[in-house]
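An overview of the molecular structure
So the chains spell out like this:
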Amino acid sequence: MGQVQFTRILYKISGEALMGEQSFGIDPTMVERVVADIIEARNMGVSIALAVGGGNLFRGVALASKGADRVTGDHMGMLAIIMNALALRMEFDKRGVPATVLSGLAVPQVCDQFTQRGLIAARDAGDVIIFAGGTGSPYFTSDTAAALRAAEFGADAVFKGTQVDGIYSADPRKDKNATRFDTLSHDDVLSKALGIMDMSAVTLARDNDIDLVVFSIHQPGELARVIAGEGTFTRVSRT
Ligand code: UDP
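These notes cover the structure that comes with them. In this text the structure is predicted, and so the values were computed from the model without any measurement.

Right, let's get into the overall build of the protein. Across its full length, the protein carries 9 helices and 11 strands. Along the first, second and third principal axes, the C-alpha set of the protein runs to 45 × 45 × 35 Å. A sequence separation of at least 24 residues applies to 72% of the contacts in the protein between residues at least 6 apart. Side-chain charges in the protein split into 23 positive and 28 negative, and the spacing between the mean points of these groups amounts to 2 Å.

Structure (structure tokens):
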């Protein structure tokens, strides 16, 4: 394996990634796979934190589109994120790797609430930090929460595992002529509306000089390869 290219990363895991082949919920096999990949990356000496989504369980906007209250729907979405984070923490516990869930939404009986001091304490203790509950506020996405926590964590990059192996000019599953980019700038992603993350997440990453690295979640061990500058990925950096 090549030389490690990053010191500290924030790995954004969408709810969809935890769903595996299912159409809803959490696939324990997928949780095992994702956690094994993260432990492999951690063993390379990279400081790693996770930010989880909740779309496999609940999205506030889906409820709101049927006429329900958006804010309550988003609270439900953030609770879904916490459920995913707990599933990941259980798997780390099982493997004897210390992991701490820090939630933007306070659910004190279940996990610690996010604070910068809590983050630093967990980071210095060498725990894998699992950021949950999004930003704690409605109308945001877990991508934006990932960019925010990446800045607070002091990450060099947000890694995003997706269904395909990088950023394409169009969805390669729908358009045969779609081409893959090896490198892009944040402004390219914004101006071409490439839709890999929402615009607030990309802007926050750009303004804090945090790279975005997009790769496929379907290849076991790909996270470690990409950290070593191998594998297939698109890297978004400030020009
Ligand atoms: N959410 C929110 N504020 C946040 C992050 C998430 O209200 O800061 C809610 C929102 O309802 C969203 C849901 O949590 O639909 C799940 O997050 P997201 O859809 O971003 O998850 P992903 O697509 O990554 O699985």
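Now that the structure has been shown, we can carry on.
Around the ligand, a shell composed of 20 residues is seen, among which Arg 59, Asp 74, Thr 135, Ser 137 and Ser 142 lie nearest. Side-chain polar atom of Arg 59 to an oxygen atom of the ligand: 2.6 Å apart, as the coordinates give it. Backbone polar atom of Gly 60 to an oxygen atom of the ligand: 2.9 Å apart, as the coordinates give it. Looking at the shell around the ligand, the element that brings in the most residues is helix α4 (residues 70-94), giving 4 residues. Within the shell around the ligand, the residues separate by chemical class into 5 nonpolar, 12 polar and 3 charged.

Another point: the nonpolar core. Membership of the largest hydrophobic core comes to 41 residues, with the highest contact counts inside it found for Tyr 11, Leu 50, Leu 88, Phe 92, Phe 159 and Leu 223. Per-element accounting of this core gives the leading share, 7 residues, to helix α2 (residues 28-42). Once you skip the residues sitting within four places of it in the chain, Phe 159 turns out to touch Phe 6, Ile 9, Leu 10, Tyr 11, Lys 12, Val 213, Phe 215, Leu 223, Val 226 and Ile 227. Ranked by size, the runner-up nonpolar core spans 29 residues in total, among them Phe 114, Phe 131, Ile 210 and Val 236.

What follows covers the packing of aromatic side chains. Inspection of the entire model under this criterion finds 5 aromatic pairs. The interplanar angle of 80 degrees and the centroid separation of 6.4 Å between the aromatic rings of Phe 131 and Phe 153 together place this pair among those described as edge-to-face. Highlighted residues: Phe 131 in strand β5 (residues 128-132) and Phe 153 in helix α6 (residues 142-153), separated in sequence by 22 residues. The exposure classification of Phe 131 matches that of Phe 153, with both residues buried. Put simply, the rings of Phe 6, Tyr 11, Phe 159 and Phe 215 pair up and form one aromatic cluster. The residue whose ring lies beneath Arg 8 is Phe 153, and the NZ or CZ to ring-centre distance is 5.6 Å. Sitting over the face of the ring of Phe 114, Arg 149 holds its NZ or CZ atom 3.7 Å from the ring centroid.

Remember that side chains alternate between the two faces of the sheet whenever the strand is regular. Direction of pairing for strand β9 (residues 183-185) relative to strand β11 (residues 233-237): parallel, over a ladder of 3 bridges. Across the sheet, residue Leu 184 finds its bridge partner in β11, namely Val 236. Judged from the 4 bridges that link them, strand β10 (residues 211-216) and β11 form a sheet pairing that is antiparallel. When the sheet's bridge partners are listed, Phe 215 is paired in β11 with Phe 233.

Moving on, we get to the sheet that holds β10. The mixed open sheet is built from 9 strands, whose spatial order is β4-β3-β5-β2-β1-β6-β10-β11-β9. For this open sheet the edge positions go to β4 (112-113) and β9, each flanked by a neighbour on one side alone. The pairing of strand β1 (residues 8-13) with strand β6 (residues 157-162) spans 4 bridges and is parallel. Paired with Leu 10 across the strands is Val 158, a residue of β6. Where α2 meets the sheet, it contacts β1, β2 (47-52) and β5, and its direction lies at approximately 155 degrees from that of β2.

So, about the pattern of salt bridges. Under the counting rule described, the total for this entry stands at 17 salt bridges. Salt-bridge contacts for Arg 70 lead to Asp 74; the nearest nitrogen and oxygen are separated by 2.9 Å. Highlighted residues: Arg 70 and Asp 74, both in helix α4, separated by 4 residues, approximately one helical turn. Assessed through its relative accessible area of 24%, Arg 70 is described here as partly exposed. For Arg 95, the salt bridge goes to Glu 91, with nearest N and O atoms at 2.8 Å. You can call Arg 95 partly exposed: its relative accessible area is 38%. What makes Glu 91 buried here is its relative accessible area of 7%. If you follow the salt bridges from partner to partner, you end up with Glu 32, Glu 91, Lys 94 and Arg 95 in one network.

The rules behind these values
- Residues numbered from 1 in each chain as written.
- Predicted model: local features only at pLDDT ≥ 70, side-chain atom pairs only at ≥ 80, totals over all residues.
- Heavy atoms only, no water.
- Helix = DSSP H or I, 4+ residues; strand = E, 2+ residues; numbered from the N terminus.
- Contact = heavy atoms within 4.5 Å.
- Lys, Arg positive; Asp, Glu negative; His and termini not counted.
- Charge placed at Lys NZ, Arg CZ, Asp CG, Glu CD.
- Near = heavy atom within 4 Å.
- Polar contact = N/O pair within 3.5 Å; in protein donor to acceptor, adjacent residues only side chain to side chain.
- Nonpolar A, V, L, I, M, F, W, Y, C, P; charged D, E, K, R; others polar.
- Core = buried A, V, L, I, M, F, W, Y, C linked by side-chain atoms within 4.5 Å.
- Buried < 20%, exposed > 50% of the residue type's maximum accessible area, 1.4 Å probe, protein only.
- Phe/Tyr/Trp six-rings, centres within 6.5 Å; stacked < 30°, edge-to-face > 60°.
- Lys NZ or Arg CZ within 6 Å of the ring centre and 35° of its normal.
- Pairing = 2+ DSSP bridges.
- Axes fitted to C-alpha atoms, helices over the stretch in contact; angles between N-to-C directions.
- Salt bridge = Lys/Arg side-chain N within 4 Å of Asp/Glu carboxyl O.

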